[in-house]
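# Structural features, examined
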Amino acid sequence: MVDIASGPNVGVQQSAEIGGLHRTIDWKGAFWIASGVPALVLISIGGLGATVGKLAFAVWTISVIMGLFQAYSYAEIAGLFKNKSGGAAVYGAAAWLRYSKIIAPLSVWCNWYAWTPVLSLGCAIAAGYILNAIAPIPTFHTDSPEVLAWLQNAANAAAIDGKTAEEAAKIAMAAVTDAATPALRTLKLASFSFFGLANIEIGPTFFIGAVLMLIAFAIQHRGILGTARVQMWIGLFVVIPMLIVGVVPFFNGGVNYENYTPFVPPTGEWNNAGWTYFFGGLFIAGWSTYAFETAVCYTREFKNPASDTKKAIIAAGLLCVVIYSLVATTFQGFLGLEGMTAPGIVDGTGVAAAMGNMVGGGSQFVTHLLEMMMILALILAIMMAMAGSSRTLYQGGVDGWLPKYLAHTNEHGAPTRAMWTDLVFNLGLLTFAASDATAYYLILSISNVGYMLFIFLNLQSTWIHRIDSPDIPRPYRAPNWLVAFNALLGFFNLFLMGVGAKVWGNPNALWYGLAFGALIIPVFLYRHYVQDKGRFPDHMLIDLDLKSQDLGQRRAGFLPYAALLVGAAITLFGHYYFQLPPA
């Protein structure tokens, strides 16, 4: 059933149904797929600014540099597995398998549920832009004819009786706006509370977002080569404008350097609550800034995996360092704290207009171009997320961690059943993301709990692989000091998770994220003990020269377990010691 061959361009036939993934791209293809990562800064730039205030530009810069350091560990472990897809989670899980059958699939699962919400969150914001274009909410001023006419209408006298002129004008503007708002904006097929966590609304934003998801699915149905080509052209239309936005304000006088000082958290001082906001900002920023690790999701589809893996992830990382640091700095320098906390920036729908003011002086033409760029940027991120997360599901199905039905590809080498699973799951999430900001950031926080768990497990897996598989050829070997430093960053990320999850709208977000992570246990037990009768697929560890059920010697001894215990202690310390100020 499994055909194993040698050579850099030949891998394990991982789907018995059609033939597995196809080796059709080089590192540049993966780079362009990962070019959707810089667009993620636009998803949470407003929310982060509203939370950490004038620290925002530093938080983004520190976080993306941490992500670049971590990439070198991922590049090393990715080079070990020329026959696997699915990214760093899959490569790291192989290191933990010797020590626990549960920890290994947890890494894959956490990576997937960290990545997959990009589809729903990105679609929700993109749908908001499209809705604003086809059914904009009208704007009125106190001296607008419609407002004056409403105030002079005797039928409205009771509503403004006893009010000041200013209060009456606000009432009139609200009434006129409600009357002139297109019916499409207020259409709701369903509206209800989801266990008190969020208010769910199913309306036009949901349906537009669903169409965008289906478009992304249709493009990727043709396989990774077709996806990479589409991503390249969209990426050029996105990356270049973002670079312009990141540079021009420094030359046109748009940056006010007073917006960076005083360098203190929103509490006004570096006390316990101030540090909590700062660490909470680093926590949520990592969901975006670390995400270029998706560039190694396609190892099984590289023409030359030995060299393409490192080139892809480092190139993507350098691009993200430049764009994240520049865009975050110029946004804050131009908008200031008040502008960063405006509703349209926080929910993402006003970001394009802000960029239009930054580079075009408020020109409607420039603003409309940037609105189109925002939609393309979000589509880029959506396609990137579906490509990466579906391959994680696919490899989980191939390697015996997730249900077998996921290990299927079509005639183009696309993992279509994994893509359908992503699509259906995110249609459910879209009902949350398209509803309100509370639900939006709750999804973001819960998914990032999974991401930080995955980051920790994979940064430790680099040294575990070195101890347990010292003789396996490594096309790229990270410096020893960097492997050690990245292992420490893994613990720091768990600390950020413990401190920061509660910062984003729900005090129990950490526990919700951990509970969702635990859902892998029954899923894995069903696959391993019911479907596979307690045996892993023979090919699972072929890249480590291990066959059948031989998982290899545990040379690292108790060290991996010690790392887990220390990580748990650091998480709990961060969660209970650092607290938000009283409401």
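Residues numbered from 1 in each chain as written. Predicted model: local features only at pLDDT ≥ 70, side-chain atom pairs only at ≥ 80, totals over all residues. Heavy atoms only, no water.

The helix and strand tally for the protein chain stands at 23 helices and 2 strands. Counting every position in the protein chain, which comprises 583 residues, the buried fraction comes to 59%. Counting contacts in the protein chain only where the partners sit at least 6 residues apart, residues at least 24 apart contribute 81% of the total. Roughly 21,800 Å² of accessible area belongs to the protein chain as shown, and the carbon and sulfur atoms make up 66% of that amount. (Helix = DSSP H or I, 4+ residues; strand = E, 2+ residues; numbered from the N terminus. Buried < 20%, exposed > 50% of the residue type's maximum accessible area, 1.4 Å probe, protein only. Contact = heavy atoms within 4.5 Å. Areas by Shrake-Rupley, 256 points an atom, 1.4 Å probe, with all protein chains shown as cover.)

Next up on the list: helix H21 (residues 509-518). Buried within H21 we find Ala509, Leu510, Gly513 and Gly517. In an axial view of H21, the angular spread of the buried residues amounts to 105°, which keeps them on one side of the axis. (Arc of directions from axis to C-beta.)

Moving on, we come to the packing of aromatic side chains. Tallied over the full model, the rule gives 33 aromatic pairs. Both rings, one in phenylalanine 57 and one in phenylalanine 263, keep their centres 6.1 Å apart while their planes meet at 70°; by these two values the pair is edge-to-face. Here phenylalanine 263 lies in the loop between helix H12 (224-251) and helix H13 (272-289) and phenylalanine 57 lies in helix H3 (residues 56-79), a separation of 206 residues in the sequence. You can call phenylalanine 263 partly exposed: its relative accessible area is 39%. Between tyrosine 451 and phenylalanine 454 the ring centres are 5.6 Å apart and the planes differ by 20°, which places this aromatic pair in the stacked class. Here tyrosine 451 pairs with phenylalanine 454, and both are found in helix H19 (residues 437-468), just 3 residues apart, close to one helical turn. (Phe/Tyr/Trp six-rings, centres within 6.5 Å; stacked < 30°, edge-to-face > 60°.)

On to a nonpolar patch on the surface, then. Among the surface-exposed residues, Ile134, Leu184, Leu187, Leu189 and Phe207 lie close enough to one another that they form a single nonpolar patch of about 480 Å² accessible area. Mapped onto the elements of the fold, isoleucine 134 is located in helix H6 (residues 117-134). (Patch = residues over 30% accessible without salt bridge, like charges linked within 9 Å, V, L, I, M, F, W, Y side chains within 5 Å. Salt bridge = Lys/Arg side-chain N within 4 Å of Asp/Glu carboxyl O.)

The predicted model of the protein chain averages 81 in pLDDT, with 87% of residues at 70 or higher. Confidence drops under pLDDT 50 across residues 1-19; counting only partners more than four residues distant or on other chains, this segment forms 51 contacts. (pLDDT = per-residue confidence, 0-100.)

Grouped together as the largest cluster of nonpolar side chains are 171 residues, with contacts concentrated most on Val37, Leu40, Leu48, Phe283, Phe331 and Trp401. It is H19 that provides the largest number of residues to this core, a total of 18 residues. (Core = buried A, V, L, I, M, F, W, Y, C linked by side-chain atoms within 4.5 Å.)

Right, let's talk about helix H20 (residues 480-500) for a bit. Its 21 residues give H20 an end-to-end C-alpha distance of 30 Å, which sits within 8% of 30 Å, the value for a rise of 1.5 Å per residue. Counted residue by residue, H20 has 15 buried out of 21 residues, so it is predominantly covered. (Expected span 1.5 Å × (residues − 1).)

We now examine the pattern of salt bridges. In a structure, side chains of opposite charge can pair up when their charged atoms sit close to one another. Here the structure, examined in full by the defined rule, presents 6 salt bridges. Across the salt bridge formed by arginine 466 and glutamate 76, the nearest N and O atoms sit 2.8 Å from each other. Linking arginine 466 in helix H19 with glutamate 76 in helix H3, this pair joins segments that are 390 residues apart in sequence. Like arginine 466, the residue glutamate 76 is buried in the burial classification. Sharing partners across several salt bridges, the network here consists of Glu76, Arg466 and Arg474.

Looking now at the packing of helix H17 (residues 364-399) against helix H18 (residues 416-433). Two elements in contact, H17 and H18, have axes whose closest approach is 8 Å; the angle formed by their N-to-C orientations is 120°. Here the hand of the crossing between H17 and H18 comes out right-handed. Only Ala418, Met419, Thr421, Asp422 and Leu423 of H18 make contact with H17, whose side of the interface consists of Ala385, Met386, Ser389, Ser390, Leu393 and Tyr394. Here the residues of the contact of H17 with H18 are counted per class, giving 7 nonpolar, 3 polar and 1 charged. (Axes fitted to C-alpha atoms, helices over the stretch in contact; angles between N-to-C directions. Left-handed = near helix turned anticlockwise from the far one by under 90°. Nonpolar A, V, L, I, M, F, W, Y, C, P; charged D, E, K, R; others polar.)

A word on the side chain of glutamate 76. Residue glutamate 76 is classed as buried on the basis of its relative accessible area, which comes to 1%. Only 2.8 Å separates the side chain of glutamate 76 from the side chain of arginine 466, close enough to count as a polar contact. A distance of 2.8 Å separates a polar side-chain atom of glutamate 76 from the backbone nitrogen of alanine 478. Dropping the residues within four chain positions of it, glutamate 76 is found in contact with Thr462, Arg466, Arg474, Tyr476, Arg477, Ala478 and Val483. (Polar contact = N/O pair within 3.5 Å; in protein donor to acceptor, adjacent residues only side chain to side chain.)

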